[in-house]
Amino acid sequence: MISVKKDFDDIPDGLKKKKPKPDKSVIAKLSEIYYGKCAYSEEKLTHPLIGFYRPVSLYPWLEKEWSNLLLICPLCNKTAGNRFPITGTQMTAPPGDRMQWRADSRAMLEEKPLLLNPEIDTPENHLYFDPKGIIYGRTDRGRETIKVFNLNRDVLIAKRKEIVNTFLSKFEAILNTFVKSDWKKDSHYPGDKLIYDNILFKKIFAELKQAGAPQSEFSLLGRNMLEYFDSFILDHFHWDKAKSKSEELLFSRYYQVLSNALTLFMKTDDIIVCNKIEKEVPFFPKDGAVDERMKKGLPFAVKAFEIQKYHGIKYTYVENLPINTRWIFLTGDNSSGKTLILQTLVVGLTGKKDKNVELVDDNCLIKVELKTKAENTINIIPSSIRKRIDNFAAYGPGRLNIDGDVFEGRQAPEKLRKTDSIFQNVSSLYNIQEYLVNIHGRKEFEKKFDAIIKSLKQLLPWVEDIIIDESSEKKKILYRERTEDGQVLGEVPFGALSAGSKSIIAMIGDMLIELLQNQDVDDPAELEGIVIIDEIDIHLHAKWQREFVMRLTRMFPKIQFIASTHSPIPLLGAPPETIILNVEKETKQEGIVVKRLHIDVTELTPNTILTSPIFNFDWIIPEAHDRTKPMYTQDNYREVFFDQMLDEKLETLAGKKGTTLADLMKRGQR
């Protein structure tokens, strides 16, 4: 599909007459605007037709309306027929003001049309291709447009696939040239220079750029190929199936050089390639400069994701997540698919394998757009991963088990797999007890030890102190607790703590060890990364659910947290930079979908959060409530208690149950 803009001050002569009609002048002007291509299939036209965005059988007054006319191929025109699906209310009579006839007017847009309008919509936001030439819809409007115009008819798929194969053949020729060269033996002529100076190589990139130009046939496919160069071109060569170790190294080297060459080409040719989902931040900042907008966000942040064919997820996506988003909350019913979404995000951040264990099969497709430091990265699973995130930790609901191995030096003890907690829910976590015991008293770890102890105490305000017990042969960690009124209790080991305390210590301890491995910092507040937590409210008292989120936000200002919850209370502790995603099962055909909710929880109480679309809890009156009595709807229990005492006094004064202040005032007036 092509995107164009019309000049409404340059209307064709045929529409300026007293009796306007779509004539040759209209076809000529449309052919110029649409580059001689069908507005929807993007085929070059030998016999162009004048098409109508809104069919004149339903909107007869738009037959000669310039904004309703477009260029179309005979097959798209025949396939669409008189179909014009909408989700709003259809207009059955023309508006009185002729300016409201325009397709981009408020009156027309209030119909909420499902078909994309090439003169209003951006195709990249709704449509994309795979290397086989098949077009997919990333939105309901994109999918409906594909269906109505049958954009996956065999002839179109074949033509698009031929374009992809042509470029694959040209890059394969470059690969053969590279493999046969003796670049390794010539230190003055390294592989990078061989690629960068190769005229054919630069020519092919220029051709690829031209394929995405608006005048080219199937230009949207060309732009997809350039934006997703890895999945369309590089991954075709099956780098992991090299016949020998030397060939594997050579392929790996070629892969790296080719990616770098593409980056160089983008910079020198002044091309800014943006992800189709998010247009705000350049994929490759010009001349290697750091985009100022990137500096203002978190060091690591998820910007968008797209999931296809993963268990109950058939297709879903989320786009345009701000890079300063501190928390992303997932809500939804049990078995709605929240854990599946978190699992796919883990894969999109770290890759499809964890210690040779396949986390997902090749049938699914996971795309994650990620901001890392001052770069914009798009990881595509299973085909490629541009940037694997090491500053990362993930936790499932079963996070009480900790590993008993002793931490030695700066290397943390091995645990089964980094992703087991979120995928298996039975894994062990790094043992923060042993870690602290091992670094205690060692000068090189003194600052780190003090910072971790301070962090744990801040997270657990009912812990007066954390001490190292050296009275026995083996050191151990003891926790000195205190009551709410400040009374200090005795010292207890980890096993004697409450489930909530153990859950926090086990998870945060593992997170600290995990992130400290890859970052040379002494203060946990300087840690950067992404942490995923499934069911953050589990094991926690309602009061502490709010506090826990508040304290994590305050203690780790450079970490993005992504968490699922069944409770509205954690949302009360979230900062303003928070996004809420609702996960739900649609029809059997649509499967699990994720929808971003634009609801400001900073102005809501738990009751209103519960009854909002965040939780869809539409009945909050207790089942045991006596319907003959009023409900107390005050903001807090102190006000309820006061009103209850007042009601009792009124009943005593009146000598009758159920007497209100209004009843007494009426008696006084008599």
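All figures in this text were calculated on a predicted structure; none of them were measured in a lab.

Things to note about the sheet that holds strand 10 (residues 365-372)
Pairing is antiparallel in the open sheet, where four strands are placed in the order 6-5-10-11. Two strands bound the open sheet, and with one partner strand each, they are strand 6 (313-318) and strand 11 (375-381). Each adjacent strand pair in this sheet contributes to an overall mean axis angle of 15°, direction not counted. The strands that helix 12 (residues 338-350) touches are strand 5 (300-310), strand 6, strand 10 and strand 11; relative to strand 5, the one it contacts most, it runs at about 115°.

Side note on helix 12
Taking 1.5 Å as the rise per residue, helix 12 with 13 residues should run 18 Å; its terminal C-alpha atoms sit 19 Å apart, in good agreement. In terms of burial, helix 12 is a largely internal element, twelve of the 13 residues being buried. Three or more residues of helix 12 are buried, namely Lys338, Leu340, Ile341, Leu342, Gln343, Thr344, Leu345, Val346, Val347, Gly348, Leu349 and Thr350. The positive-phi residue at the C-terminal boundary of helix 12 is Gly351, with phi of around 110°.

As for the pairing of strand 17 (residues 559-564)
Strand 17 sits mainly inside the fold: six of its six residues count as buried. Where burial is concerned, the two faces of strand 17 agree: the one with Ile559, Phe561 and Ala563 and the one with Gln560, Ile562 and Ser564 are both buried. In this sheet, strand 17 lies alongside strand 7 (residues 327-331) in parallel orientation, the contact comprising four bridges. Residue pairing for strand 17: Trp327 is matched across the bridge by Phe561. When strand 16 (residues 529-533) meets strand 17, the two strands line up parallel, connected through five bridges. Within the sheet, the bridge partner assigned to Gly529 lies in strand 17 and is Ile559. Since strand 16 and strand 17 lie parallel, the crossover through helix 17 (residues 542-555) that links them has a hand, and here it is right-handed.

Points about unusual backbone geometry
Backbone geometry at His311 places phi at a positive 50°, although glycine is not the residue there. By the element assignment, His311 lies in the loop between strand 5 and strand 6. Exposure remark for His311: the relative accessible area of 65% places this residue in the exposed category. Notably, Ser335 is not glycine yet its phi reads approximately 65°, a positive angle. Along the chain, Ser335 turns up in the loop between strand 7 and helix 12.

Some thoughts on the sheet that holds strand 13 (residues 463-469)
Read from one edge to the other, the open sheet built from three strands follows the order 13-14-15, with strand pairing classed as antiparallel. Only two strands of the sheet have a single partner each, and these edge strands are strand 13 and strand 15 (488-492). Within the sheet, the average angular offset between the axes of one strand and its neighbour, ignoring direction, is 20°. Note that strand 14 (residues 476-482) and strand 15 share three bridges and pair antiparallel. Considered in strand 15, the bridge of Tyr479 is made with Val492. In the packing of helix 14 (residues 432-439) onto the sheet, the strands contacted are strand 13 and strand 14, and the crossing angle to strand 14 comes to about 110°.

Observations regarding the nonpolar core
Judged by nonpolar contacts, the single largest core of 59 residues is most densely connected at Tyr34, Tyr40 and Phe149. Among the elements that line this core, the one with the most residues is helix 5 (residues 154-180), at six residues. The residues contacting Tyr40, other than those within four sequence positions of it, are Met1, Tyr53, Leu70, Ile72, Cys76, Leu116, Asn117, Pro118, Thr145, Phe149 and Leu151. If you look at the next biggest cluster of nonpolar residues, it comprises 58 residues, including Ala393, Tyr479, Phe548 and Phe615.

Remarks on the packing of helix 15 (residues 446-459) against helix 16 (residues 499-516)
Their axes nearest at 11 Å, the elements helix 15 and helix 16 cross at an angle of 145°. Note on packing geometry: the crossing formed by helix 15 with helix 16 is right-handed. Within the contact between the two elements, helix 15 uses Lys448, Ile452, Leu456 and Leu459 and helix 16 uses Ile504, Ile508, Leu512 and Leu516. Tallied by class, residues from the contact of helix 15 with helix 16 come to seven nonpolar, no polar and one charged.

Observations concerning the pattern of salt bridges
Summed over the entire model, instances satisfying the criterion amount to 28 salt bridges. In this structure, the salt-bridge partner of Lys170 is Glu207, at a minimum N-O distance of 2.4 Å. With Lys170 in helix 5 and Glu207 in helix 7 (residues 199-211), the pair connects residues that are 37 residues apart, well separated along the chain. Of the residues examined, Glu207 reaches a relative accessible area of 24% and is grouped as partly exposed. For the salt bridge of Glu547 with Arg546, the shortest nitrogen-to-oxygen distance reads 3.6 Å. Residue classification places Glu547 among the buried positions, given a relative accessible area of 18%. Ionic contacts of the salt-bridge type, sharing partners, join the residues Asp10, Lys29 and Glu32 into one network.

Overview of the packing of helix 16 against helix 17
Contact pair helix 16 / helix 17: the axes reach a minimum separation of 13 Å and the direction vectors enclose 20°. The angle between helix 16 and helix 17 places the two elements in the roughly parallel class. When you trace helix 16 past helix 17, the crossing you get is right-handed. Here Ile504, Met507 and Ile508 of helix 16 come into contact with helix 17, specifically with Trp544, Phe548 and Leu552.

Digging into the packing of aromatic side chains
Counted under the stated rule, the structure contains ten aromatic pairs. Measuring from ring centre to ring centre gives 5.1 Å for Tyr53 and Phe84, while their planes differ by 85°; the resulting arrangement is edge-to-face. One end of the pair, Tyr53, is in the loop between strand 1 (49-52) and strand 2 (69-72); the other, Phe84, is in the loop between helix 2 (74-80) and helix 3 (106-109), with 31 residues separating them in the sequence. Side by side, Tyr53 and Phe84 carry an identical accessibility label, which is buried. On the basis of an interplanar angle of 15° and a centroid distance of 4.7 Å, the ring pair of Trp327 and Phe561 is categorised as stacked. Highlighted residues: Trp327 in strand 7 and Phe561 in strand 17, separated in sequence by 234 residues. The same class applies to Trp327 and to Phe561, which are both buried. Sitting over the face of the ring of Tyr59, Arg54 holds its NZ or CZ atom 5.7 Å from the ring centroid. A cation sits over an aromatic face here: Arg102 above Phe8, 3.8 Å from the ring centre.

Description of the state of the cysteines
Following the criterion strictly, the structure yields zero disulfides and no others. Cys73 takes part in no disulfide bond, and the closest cysteine sulfur to it belongs to Cys76, at a distance of 3.5 Å. Given a relative accessible area of 3%, Cys73 falls into the buried group.

So, the side chain of Asp121
In this fold, Asp121 is placed in the loop between helix 3 and strand 3 (127-129). In this structure Asp121 comes out as buried when scored by relative accessible area, which is 11%. Within the local environment of Asp121, its side chain forms a polar contact with the side chain of Arg141, the two groups lying 3.0 Å apart. In contact with Asp121, other than residues within four places in its own chain, are Ser3, Leu115, Leu116, His126 and Arg141.

Each value, and the rule that gives it
- Residues numbered from 1 in each chain as written.
- Predicted model: local features only at pLDDT ≥ 70, side-chain atom pairs only at ≥ 80, totals over all residues.
- Heavy atoms only, no water.
- Pairing = 2+ DSSP bridges.
- Helix = DSSP H or I, 4+ residues; strand = E, 2+ residues; numbered from the N terminus.
- Axes fitted to C-alpha atoms, helices over the stretch in contact; angles between N-to-C directions.
- Contact = heavy atoms within 4.5 Å.
- Expected span 1.5 Å × (residues − 1).
- Buried < 20%, exposed > 50% of the residue type's maximum accessible area, 1.4 Å probe, protein only.
- Right-handed = clockwise from strand over helix to strand, strands pointing away.
- Core = buried A, V, L, I, M, F, W, Y, C linked by side-chain atoms within 4.5 Å.
- Left-handed = near helix turned anticlockwise from the far one by under 90°.
- Nonpolar A, V, L, I, M, F, W, Y, C, P; charged D, E, K, R; others polar.
- Salt bridge = Lys/Arg side-chain N within 4 Å of Asp/Glu carboxyl O.
- Parallel < 35°, antiparallel > 145°, perpendicular 65-115°, else oblique.
- Phe/Tyr/Trp six-rings, centres within 6.5 Å; stacked < 30°, edge-to-face > 60°.
- Lys NZ or Arg CZ within 6 Å of the ring centre and 35° of its normal.
- Disulfide = S-S within 2.5 Å.
- Polar contact = N/O pair within 3.5 Å; in protein donor to acceptor, adjacent residues only side chain to side chain.

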